[in-house]
Amino acid sequence: MDYLQIKKAGSLHGEIKISGAKNASLPLIAMAILAKNSVSIKNLPHVADINTLLKLLSNLGAKCNRGEEITTIDTSSLSETKATYDIVRTMRASILVLGPILARFGHCEVSLPGGCAIGQRPVDLHLKALEQMGAVINIEAGYIHAIAPNGLKGCNIIFDKITVTGTANIVMAAALAEGVTTITNAAREPEVVQLCEILNANGVKIDGIGTAILTIHGTDGKLIHIDEFSVIPDRIEAGTYLCAAAITRSELTLTDVNAGHLGAVLSKLQEMGSKFTITDNTITIHPSEVIKAVKIVTQEYPAFPTDMQAQFLALATQANGTSIIEERLFENRFMHVSELQRMGANISLNGHVATINGGTKLSGTDVMATDLRASSALVLAGLVAEGITNVHRIYHLDRGYDSLEKKLQNVGADIKRLKE
Ligand code: EPZ
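1. What to know about the sheet that holds strand E15 (residues 251–255)
- The strand order across the open sheet built from 4 strands is E2-E15-E17-E16, with neighbouring strands paired in mixed fashion. Two strands in the sheet have a free side with no partner beyond their single neighbour: strand E2 (13–17) and strand E16 (275–278). Each neighbouring strand pair of the sheet contributes to a mean axis angle of 20°, computed without reference to strand direction.
- Bridge analysis of E2 against E15 gives 5 bridges, and the strand direction is parallel. Bridging from a neighbouring strand, Glu15 pairs with Thr253 of E15.

Given below as C-alpha cells:
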C-alpha cells in the first residue's frame, strides 16, 4: 500500500489545474445507460471511483473506452442488470445505476451499498421514490431486487430529506418514465444541475433546474441521443487547494475552476482573512498572515458543504482563537479529529459539534486516513506540521483526488508517495 510523506515546506507558489468533478462524473456515467448512442465524456477525473463505476458498467456489458481526455461509453450491448456486491461495496455511489437500469430494462438488482466510515448512508429515499413511480422493490440477501412490470410512471415525489444521489437517481429514472415527474425538495448541488442540463439539452425536458422543484418530462421508454459534453470542475478539490494555500499562507492560482460553485467556501475563507482575485475560470487566493477563527455549520448546497468540513477543521487548528464546526449531514464525519489531536491539535468534540482552539503548533507523525475528505485534511495539517507527517491508507484519498501529490509538488510542497 502507498502512503504520503509530507515535510513542512515554506509557502507554495504557482498554479493548480482543477480536474473534473468526481461527484458530477458518477451520475453522468450512469446516465449513459439512458442513451442509444455511444456517449463521449470529456474531463473525467483520473480517480479510483470513476474507474470503479466504469468497471461496473463494463461488467454489465457496456463498452467503456477510458481515454486521457475523452471517455466513451456504449451501452447498446448492455445485457446484465445485476450490480454485484464486490463492486458496490467499494463504492456506494454504484446505487446510481439503479434508476437508469430499472427505467430502461424494467428490472434491476443492486447490492445494498451498506454504510461507510462517515455514516449509515441509507438509500431508503431512493427506493421509496422508485416505488411511487411504480417499481416493486424487495430486499433479499443484501440485494435490492427492483422490477417495474408496467414501466415507470411519472408522479409527484417529495423527498423527506435532500439527497444528492437520490435526486440524480430519480431524475434519470424519470427521464425514461411515462409522463411527468416532479421532485420537491430536490438537491441543488452543481453536480445535480449539470446532470439535468445535459439531459435537458438532449431531449429530456426538465423545468426548475437549479431549484428545489424539478419537473421532468419522460420519453416513455425511448432512449435518448446524448451529444459529447465536458464535466464541470471539482469544487471540493478546488476548496481543498484553497485551504492548502490558506494554511501555508501561500498565494496560489487555481485554473479551470468555477468560483460560482464555491460561494459558501470563499465566504468562509474571507471571514478567516483571505482575499481573492477571481476571473471566469481562475481563482487567486491572497491569504492573510493571521487566520481568524470561524463558525461553520454544514448544510446542503448552496450552504457550506459537508465535503469541505474536514479541510476547514484542519485550517481552524491554525486560526487565532476558537472555531466551532457543526456537522449536520453525517453522523460520523469527525474521524480526522483524533488523528489531528495526535498531531497536537486542541480540539474537543461534543456530539456533532467540534470546538477547535487554534494557534497550536502541529507535530508531524504517522497518521491514518479514514475516509476521502479526512485524508485531505491530514495532508493539509502535514504541510504546516513540524517534522515529517506520514499519511497512511491513502487509497481513501485516491478515490477522489486526481494526482494530489503531483499538483502540490508542482507548487513547491515537499510531498512524496512512498510504498509501505
Ligand atoms: C453525495 O452523497 C456525495 N457523493 C457526498 O460526497 C456528499 O457528502 C453528500 O452527497 C452530501 O453532499 C456523491 O455525490 C457521489 P445524500 P449522497 O444522499 O448522495 C441521508 C465525497 O466526499 N439520506 O445527499 O450519498 C444521508 O444519510 C462524498 O465526495 C437518507 O437518509 O448523500 C445523509 O444524512 C462523501 N436516505 C443525507 O441524507 C437516503 O435514501 C444526505 O445524503 C439518502 C440519503
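2. A short note on the nonpolar core
- Within the largest apolar cluster, 79 residues are counted, with the highest numbers of intra-cluster contacts made by Met31 and Met133.
- With 8 residues, the single largest contributor to this core is helix H6 (residues 164–176).
- Setting aside anything within four residues of it in sequence, one finds Met31 in contact with Met172, Leu195, Ile198, Leu199, Ile226 and Phe229.

3. Focus on the site of the ligand
- Taken together, 23 residues are adjacent to the ligand, and Leu125, Thr163, Thr165, Asp307 and Leu329 come closest.
- Interatomic distance of 2.6 Å between a backbone N/O atom of Leu329 and an oxygen atom of the ligand.
- Here the ligand loses 90% of its free accessible area of 830 Å² to cover by the protein chains.
- Elements with a minimum of two residues in the shell around the ligand: helix H1 (22–31), helix H5 (124–132), H6 and helix H12 (372–384).
- Of the residues in the shell around the ligand, the class split is 10 nonpolar, 5 polar and 8 charged.

4. A look at the sheet that holds strand E23 (residues 388–392)
- Judged by pairing direction, the sheet is mixed, and its 4 strands sit side by side in the order E22-E23-E1-E24 without closing on themselves. With partners counted over all chains shown, the strands left at the sheet margins are strand E22 (366–368) and strand E24 (414–419), one partner each. The sheet shows a mean angle of 25° between the axes of neighbouring strands, direction not considered.
- Relative to E23, E22 runs parallel, the two sharing 3 bridges. Across the sheet, residue Val367 finds its bridge partner in E23, namely Val391.

5. What about the state of the cysteines?
- By the definition in use, this model includes 0 disulfides.
- Among the cysteines around Cys64, which has no disulfide bond, Cys108 carries the closest sulfur, lying 16 Å off.
- On the basis of relative accessibility, which here comes to 24%, the residue Cys64 falls in the partly exposed class.
- Here Cys196 is not cross-linked by a disulfide; its sulfur's nearest cysteine counterpart is in Cys155, at 16 Å.

How each quantity is defined
Residues numbered from 1 in each chain as written. Predicted model: local features only at pLDDT ≥ 70, side-chain atom pairs only at ≥ 80, totals over all residues. Heavy atoms only, no water. Pairing = 2+ DSSP bridges. Helix = DSSP H or I, 4+ residues; strand = E, 2+ residues; numbered from the N terminus. Axes fitted to C-alpha atoms, helices over the stretch in contact; angles between N-to-C directions. Core = buried A, V, L, I, M, F, W, Y, C linked by side-chain atoms within 4.5 Å. Buried < 20%, exposed > 50% of the residue type's maximum accessible area, 1.4 Å probe, protein only. Contact = heavy atoms within 4.5 Å. Near = heavy atom within 4 Å. Polar contact = N/O pair within 3.5 Å; in protein donor to acceptor, adjacent residues only side chain to side chain. Areas by Shrake-Rupley, 256 points an atom, 1.4 Å probe, with all protein chains shown as cover. Nonpolar A, V, L, I, M, F, W, Y, C, P; charged D, E, K, R; others polar. Disulfide = S-S within 2.5 Å.

Any link to function would need more than the numbers given here.
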